[in-house]
Amino acid sequence: MGYLKSMPSKDGFFGDFGGAFIPPQLEPHFKEIGEAYERLSVDSSYIAELRYIRKHFQGRPTPVQHAKNLSIEMGGAQIYLKREDLNHTGAHKLNHCMGEALLAKFMGKKKLIAETGAGQHGVALATAAAYFGMECEIHMGEVDIAKEHPNVVRMKLLGATVVPVSFGAKTLKEAVDSAFMSYLEQTEDAIYAIGSVVGPHPFPKMVRDFQSVLGYEARDQFHEMTGNDPDHVVACVGGGSNAMGIFSGFIDNEDVKLHGVEPHGTGTELGKHAATITYGEPGEIHGFKCIMLKDDKGEPAPVHSIASGLDYPGVGPEHSYLHTIGKVHYGSASDEETLKAFYALSRYEGIIPALESSHAVAYAMKMAMSHPGESILVNLSGRGDKDIDYVTEKFGFGDDFKL
Ligand SMILES: *Cc1c(COP(=O)(O)O)cnc(C)c1O
């Protein structure tokens, strides 16, 4: 049996990590979603419709590109990019949002509920809801609403209701609580749709399976281009969905080394980074067990990353497990290295990458120099249009950046 079929266990555990630690009132509803998914994931009409959507709405398959210029500049390994920036809406997130919304449709639900931090998941889910003619309710902290104005505008244009969350720190954690409470009141009509391989079972498994499409595509495309498997596969890790997507294509292949890249921010102290696996310890957050960053009271610690899609004090349970068994190596890239990669990919390849994805590019650039003759496949999880104002206002146009 392949790895993906063997994990997680029936109750959603990856070794010691995962599970569903939720209020008893929510248990039957998460169970309903899990059972529907198990049934539909082998249902031919569900599968056929998902395939149709991927091809004709999302524009899949996205290409794999040999980053020739950047490889020459780095003077070592050959760098390849899986171009998820070309997926509709400009990132990998739509892969699982369309799957979740289609699940809702087959379950006879009319509404999608979720929280969003920076707004990327909210926009992807609002897109899926519009496609299916469903309602969409996105909970977002007031602090994030002020910071991420363009994504709030996008969600509203797509027809979603954005619910401002005004208690506590008014950011992602409170948005999760608010979304859970709202879902509890409308479980008949709605499903909850999580935005990464995190949260209670069945979401880490379900989101991974939806994202695996990009890994299978990448494996076949890389093979067709080079006649070989890549030596290394690299992806950034926030919650870890784009990474599990690309790892899925290679996880049963012992010859391919897998690397997850965490945001090292501006320093090693708590609050300056979001390098969860690098510095964290086992714990429980948002209804599941994983490696997490804790403050001195054992609560989720404050985190920082230049990429708002990566600043989460927990990480997917499967990544926690794959780290523990040594199957995936987890490294990191600092804000500074990430910026350099952002400028380099723009300048040398004509691709402005998302700051999240720039972490993976930065790591591949560091690795390339010490691995001549080898090949590195990077998951370019999204495009950087959303980041250009922030980067150029704060750091300029990279005229003096050096490799
Ligand atoms: C949200 C996001 C991420 C982080 O999410 P994962 O679940 O860790 O993949 C990475 N890249 C982009 C472009 C994103 O929008």
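These numbers come from a predicted model, not from an experiment.

**A word on the site of the ligand**
Around the ligand sit 17 residues in total, of which Lys 93, Ser 196, Gly 240, Ser 241 and Ser 381 are the nearest. Between the ligand and Gly 240, the relevant distance is 2.7 Å, taken from an oxygen atom to a main-chain nitrogen or oxygen of the residue. Between Asn 242 and the ligand, the recorded distance is 2.8 Å, taken from a side-chain N or O atom to an oxygen atom. Notes on the ligand: free accessible area 380 Å², of which the protein chains cover 97%. Residue assignment for the shell around the ligand shows that the elements contributing at least two residues are helix 11 (241–248) and helix 15 (355–370). Along the lines of polarity and charge, the residues of the shell around the ligand split into 4 nonpolar, 11 polar and 2 charged.

**Side note on the domain arrangement of the protein chain**
If you check the domain split of the protein chain, you get domain 1 (27–55 + 93–203) and domain 2 (59–90 + 212–395). On a C-alpha basis, the centroid separation for the pair domain 1 and domain 2 is 24 Å. Summed over both partners, the interface of domain 1 with domain 2 buries about 1600 Å², with 62% contributed by carbon and sulfur atoms. The largest share of the area that domain 1 buries against domain 2 comes from Arg 54, Asn 95 and Val 197, three residues that together contribute 32% of it. Taken together, the connections running from domain 1 to domain 2 amount to 0 salt bridges. Summed over the shared surface of domain 1 and domain 2, the result is 7 residue pairs in polar contact (both at pLDDT 80 or more). Secondary structure elements with two or more residues in the side of domain 1 that touches domain 2: helix 3 (44–58), helix 5 (94–106), helix 6 (120–132) and helix 9 (172–184).

**Remarks on the sheet that holds strand 6 (residues 135–141)**
Pairing is parallel in the open sheet, where 4 strands are placed in the order 7-6-5-8. Both outer strands of the open sheet, strand 7 (161–165) and strand 8 (190–192), are each paired with one neighbouring strand and no more. Geometrically, the sheet is characterised by an average inter-axis angle of 20° between neighbouring strands, direction not taken into account. The pairing of strand 6 with strand 7 spans 5 bridges and is parallel. Residue pairing across strands places Glu 137 opposite Thr 161, the latter belonging to strand 7.

**Some thoughts on the pairing of strand 14 (residues 375–380)**
Taken residue by residue, a regular strand's side chains alternate between the two faces of the sheet. Of all 6 residues in strand 14, 6 are buried, a share of seventy percent or more. By the alternation rule, side chains of strand 14 split into Ser 375, Leu 377 and Asn 379 and Ile 376, Val 378 and Leu 380, which are all buried. Looking at chain direction, strand 4 (residues 78–83) and strand 14 are connected through 6 bridges and run parallel. Bridged to Ile 79 within strand 14 is Ile 376. By the bridge criterion, 3 bridges tie strand 9 (residues 232–236) to strand 14 in an arrangement that is parallel. Each bridged residue has a counterpart across the sheet, and for Val 234 the counterpart in strand 14 is Val 378.

**So, the packing of aromatic side chains**
Here the structure, examined in full by the defined rule, presents 15 aromatic pairs. Considering the side-chain rings of Tyr 37 and Phe 210, the 5.7 Å spacing of their centres and the 75° angle between planes classify their relative orientation as edge-to-face. In this pair, Tyr 37 sits in helix 2 (residues 27–40) while Phe 210 sits in helix 10 (residues 203–226), placing the two residues 173 residues apart along the sequence. Overall, Tyr 37 belongs to the buried group, its relative accessible area being 4%. Relative accessible area serves as the criterion here: at 3%, Phe 210 is assigned to the buried category. One aromatic cluster in this structure is built from Phe 30, Phe 180, Tyr 183, Tyr 192 and Phe 203.

About the cut-offs
- Residues numbered from 1 in each chain as written.
- Predicted model: local features only at pLDDT ≥ 70, side-chain atom pairs only at ≥ 80, totals over all residues.
- Heavy atoms only, no water.
- Near = heavy atom within 4 Å.
- Polar contact = N/O pair within 3.5 Å; in protein donor to acceptor, adjacent residues only side chain to side chain.
- Areas by Shrake-Rupley, 256 points an atom, 1.4 Å probe, with all protein chains shown as cover.
- Helix = DSSP H or I, 4+ residues; strand = E, 2+ residues; numbered from the N terminus.
- Nonpolar A, V, L, I, M, F, W, Y, C, P; charged D, E, K, R; others polar.
- Domains from an automatic or database assignment.
- Buried area = accessible area lost by both parts, 1.4 Å probe.
- Salt bridge = Lys/Arg side-chain N within 4 Å of Asp/Glu carboxyl O.
- Pairing = 2+ DSSP bridges.
- Axes fitted to C-alpha atoms, helices over the stretch in contact; angles between N-to-C directions.
- Buried < 20%, exposed > 50% of the residue type's maximum accessible area, 1.4 Å probe, protein only.
- Phe/Tyr/Trp six-rings, centres within 6.5 Å; stacked < 30°, edge-to-face > 60°.

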